[in-house]
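Structural overview for review
Here is what each chain is made of, one letter per residue.
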Amino acid sequence: MRIGEISDRSGISIRMLRFYEAEGLLRPHRTEKGYRDYSQDDLEEARLIRQLAEAGLTVEAMHDLLPCIISPEPTFHPCDRLRARLESEVAKLDRKLSDIERSRAQIAAYLAGLPRGDQSDTASLQSETA
DNA sequence: ATTCTGACA
DNA sequence: TGTCAGAA
């Protein structure tokens, strides 16, 4: 299958499919004319990548995860790397979450201190945005 | 019609 | 991440 079909069936844009390949996530064969030629396995991997991307995982994380999740070989590795990766992702998310909570608290404080019935700030924002 | 690579208002 | 160009 060529890139257009893979894009349609995986929901990943052609642009992103090429990007993921540049990142070493997908390695489709090439036809004589240089066109990418995806296998059925590539399609399944693309769909998995789609899932991981929607979960907010980075390409780096996918590099660790993919070898563990998609197991072409009948032998299942312990994949200790998988657990480590997942744990670091959760840790990363926890850090982001605390950052967001910090921002929320700060902005909520601004809101709490905002005088009532005053539209002047809104007006100035609109004029600067326009 | 589709894909390829490289570049960017 | 989209999109446009120029070539195949």
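To be clear, the structure that these remarks concern was listed above.
One structure accompanies this document, and this report is about it. Just so we're clear, the structure is a prediction, and the values are computed from it rather than from any experiment.

So, about the protein's contact with DNA strand C. Neighbouring DNA strand C are the residues S13, R15, M16 and Y35. Restricting the count to atoms of DNA strand C within 4 Å of the protein gives a sugar and phosphate share of 30%. At 3.2 Å, a side-chain N or O of S13 approaches a phosphate oxygen of DNA strand C. Of the residues that constitute the surface near DNA strand C, the class distribution is two nonpolar, one polar and one charged.

Those residues of helix α2 (residues 14–22) not exposed but buried are L17, Y20 and E21. For α2, the angular spread of buried residues about the axis comes to 100 degrees, placing them on one side. Those residues of α2 that are exposed and aimed more than 90 degrees away from the buried face are R15 and A22. Next to the buried residues of α2 lie α1 (3–10), β1 (29–30), β2 (36–37), α3 (40–54) and α4 (59–69). At the C-terminal side of α2, G24 shows a positive phi close to 80 degrees.

Analysis parameters
- Residues numbered from 1 in each chain as written.
- Chains lettered and ligands numbered in written order.
- Predicted model: local features only at pLDDT ≥ 70, side-chain atom pairs only at ≥ 80, totals over all residues.
- Heavy atoms only, no water.
- Near = heavy atom within 4 Å.
- Polar contact = N/O pair within 3.5 Å; in protein donor to acceptor, adjacent residues only side chain to side chain.
- Nonpolar A, V, L, I, M, F, W, Y, C, P; charged D, E, K, R; others polar.
- Buried < 20%, exposed > 50% of the residue type's maximum accessible area, 1.4 Å probe, protein only.
- Helix = DSSP H or I, 4+ residues; strand = E, 2+ residues; numbered from the N terminus.
- Arc of directions from axis to C-beta.
- Contact = heavy atoms within 4.5 Å.

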